[in-house]
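Coordinate analysis (summary)
What follows is the residue order along each chain.
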Amino acid sequence: MTVTERFLDFVRFDTQSDELTNMTPSTPGQMEFAKYLKTVVEGMGLEEISLDENGYLFATLPANTEGDIPVIGFIAHMDTSPDMSGKNVKPRIVKDYNGLDIVLNEEQKIILSPEEFPELLNYLGQDLIVTDGTTLLGADDKAGIAEILTAVAYLQAHPEIKHGKIRIGFNPDEEIGLGAHKFDVERFGCEFAYTMDGGALGELEYENFNAASAKVTIKGRNVHPGSAKHKMINSIRVANNFITMLPRWETPEHTEGYEGFYHLVGINGTVEETTLSYIIRDHDRDRFERRKREIEHLVNKTNSEFPGCCSVEIKDQYYNMREKIEPVMHVIEVAEKAMVEAGVTPKVQPIRGGTDGAQLSFKGLPCPNIFAGGENFHGRYEFVSIRSMEKAAEVIVNICKLVAEA
C-alpha cells in the first residue's frame with residue numbers, strides 16, 4: 001500500500017478525543033482504531049506487538065544487521081482534535097493544484113482559498129487531500145501513522161538497507177494533552193525517538209511552549225437590580241475588568257515565533273459567579289513563570305477592590321523540551337541529514353504548541369518532532385500534500401539507515 005492509500009484508510013475512523021470523560025483512551029473510537037492498527041502491524045509481520053488497556057500500541061521491526069546500534073522509535077497519535085468533528089470524513093484528492101480556490105462544499109459555499117490561506121501557493125502542481133468542508137481531515141496525526149507504517153514496509157521490502165531495531169508507538173489523547181501520560185517509556189525501550197506530528201514539509205522542532213492552565217473564579221453577590229445600589233457585585237463585570245487588565249497584545253492573534261501569550265479559551269458567567277479559563281504559554285521558562293505570577297497578581301489586585309471574591313487555580317501542563325534535547329543534539333543532526341538526503345530543506349523552528357514528544361523528553365525519552373505534511377489542522381480547511389507524506393516516509397527510512405551507519 002502507498003502512504004496515500006493508508007492515510008485514506010485511516011481517516012475512516014472517528015477518533016476525536018474528549019477531555020471531559022476522564023478515561024484513557026478518552027473515546028471508544030480511539031480503541032477501535034488501535035485494535036485495527038494492531039491487525040495491520042500483525043499483517044506486516046512485525047514483532048513485540050502489544051496493545052494495552054489504555055490504547056497504547058507498540059510494535060518492533062527487528063534489526064537486520066549486527067552491531068551496537070541504538071534502538072530508535074517513531075511515534076504518532078491516533079486521536080483527532082475536539083475542536084471539530086472527525087466523524088464521516090469525506091476526503092478528496094485535488095490533482096495538480098493550480099493555485100485557484102478549492103471548492104470544498106458547493107452547497108454550503110465552503111471554499112479553501114489562497115487569499116485566506118496563502119500557504120496553498122506552496123503546493124502548486126502537487127496533489128492535495130482535502131475535506132468536504134463538514135469535518136476536519138485528520139492528517140493530524142493519521143498522516144504520521146501512515147508515514148511510519150509506509151517507511152517500515154519499505155525497509156521490509158529493501159533488506160539491503162541496514163538498520164537497527166526500530167520501535168513504533170501509536171498513542172491516544174495527544175490533542176487533550178494526555179498522550180504521554182500513560183506512555184510506558186521503559187517498555188518502549190528506545191534511546192531516542194521522533195514524533196511524526198509536525199506540519200509543513202521540512203519542519204523539525206525541538207523547542208515548544210512551556211504550558212499552564214489557569215482557572216479564575218470570581219464570586220459575585222446577586223441582589224434584585226431595583227435595590228442593588230452599593231450591594232450587588234456583578235461577577236461578570238468584575239471578570240470583564242480582569243480580562244482587560246491582561247496585556248492586550250500578548251494574545252495568540254497578536255504573537256508569533258518565540259512570543260508567548262495569555263489565551264482566554266472559555267468564559268462561563270452569571271451575576272453570582274463567573275469562571276475564566278486561560279492557557280498560558282511561553283518558550284522561555286523565566287517569562288513563563290512571570291506570566292503565572294502576573295495572573296496571581298491580578299487576582300490579588302481584584303481582591304483589593306472586592307475582598308475575597310477572586311481565586312485562581314494554576315496547573316502546569318508541559319515544559320519546553322529544548323533543555324532535554326540540547327545534551328543529545330545528534331538526534332537533531334541525524335534528522336537534518338535525513339531530510340537533506342531526501343531533498344528536503346530542514347526548517348528548524350519552535351513549536352507554538354506542544355507535542356507528546358515534549359512530555360516524553362521529560363520522562364527520559366528525547367523525542368523531537370518531524371513534519372507530517374498537513375496544514376490548517378483542527379478545522380474544516382485542513383489539507384495534506386501527498387508529496388509531503390511521501391517525503392516524510394523517506395525521511396524515516398533515511399534516519400534508520402543513518403543511525404545504523406553511525
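Everything in this summary refers to the structure shown in the same document. Quantities reported herein were computed from a predicted structural model and do not represent experimental measurements.

1. Structural notes on the nonpolar core
Ranked by size, the top nonpolar core spans 71 residues in total, and within it Phe7, Phe74, Leu149, Phe170 and Ile399 carry the most contacts. Beyond its immediate stretch of four places on either side in the chain, Phe74 contacts Ile148, Ile166, Arg167, Ile168, Gly169, Phe188, Tyr194, Met196, Ile396, Ile399 and Cys400. One finds Val216, Leu246, Leu298 and Cys309 within the second-largest nonpolar core, a separate group that totals 19 residues.

2. Some words on the environment of Tyr56
Assignment of secondary structure puts Tyr56 in the loop between strand 1 (47-51) and strand 2 (57-61). Beyond its immediate sequence surroundings of up to four residues, Tyr56 is in contact with Thr24, Ser50, Leu51, Phe170, Asn171, Pro172, Leu178, Gly179, Ala180, His181, Lys182 and Phe183.

3. Describing helix 3 (residues 139-157)
Relative to the 27 Å expected for 19 residues at 1.5 Å per residue, helix 3 spans 25 Å between its end C-alpha atoms, a close match to the ideal helical length. Among the 19 residues of helix 3, 15 are classified as buried, and the element is accordingly described as predominantly covered.

4. Quick word on the packing of helix 2 (residues 28-43) against helix 3
Think of two packed helices as two axes; the pair is described by the angle between the axes and how far apart they sit. With their axes 12 Å apart at the nearest point, helix 2 and helix 3 run at an angle of 15° to one another. With respect to each other, helix 2 and helix 3 are oriented roughly parallel. The crossing of helix 2 and helix 3 is right-handed. Contact with helix 2, carried on its side by Phe33, Leu37, Val40 and Val41, involves Lys142, Ile145 and Leu149 of helix 3 and no other residues of that element. Residues belonging to the contact of helix 2 with helix 3 are distributed by class as follows: 6 nonpolar, no polar and 1 charged.

5. Observations concerning the sheet that holds strand 14 (residues 310-318)
Taken in spatial order, the 4 strands line up as 12-13-11-14 in an open sheet, and their pairing is antiparallel. Strand pairing shows two members of the sheet lacking a second neighbour, strand 12 (261-269) and strand 14, which therefore form its edges. Each strand axis lies, on average, 15° off the axis of its neighbour in the sheet, ignoring direction. Judged from the 10 bridges that link them, strand 11 (residues 210-219) and strand 13 (residues 273-282) form a sheet pairing that is antiparallel. Residue Ala212 lies in a different strand from strand 13, and its bridge partner there is Ile280. Where helix 5 (residues 235-245) meets the sheet, its contacts fall on strand 11, strand 12 and strand 13, and the angle it forms with strand 13 comes to roughly 15°.

Reading guide: rules and limits
Residues numbered from 1 in each chain as written. Predicted model: local features only at pLDDT ≥ 70, side-chain atom pairs only at ≥ 80, totals over all residues. Heavy atoms only, no water. Core = buried A, V, L, I, M, F, W, Y, C linked by side-chain atoms within 4.5 Å. Buried < 20%, exposed > 50% of the residue type's maximum accessible area, 1.4 Å probe, protein only. Contact = heavy atoms within 4.5 Å. Helix = DSSP H or I, 4+ residues; strand = E, 2+ residues; numbered from the N terminus. Expected span 1.5 Å × (residues − 1). Axes fitted to C-alpha atoms, helices over the stretch in contact; angles between N-to-C directions. Parallel < 35°, antiparallel > 145°, perpendicular 65-115°, else oblique. Left-handed = near helix turned anticlockwise from the far one by under 90°. Nonpolar A, V, L, I, M, F, W, Y, C, P; charged D, E, K, R; others polar. Pairing = 2+ DSSP bridges.

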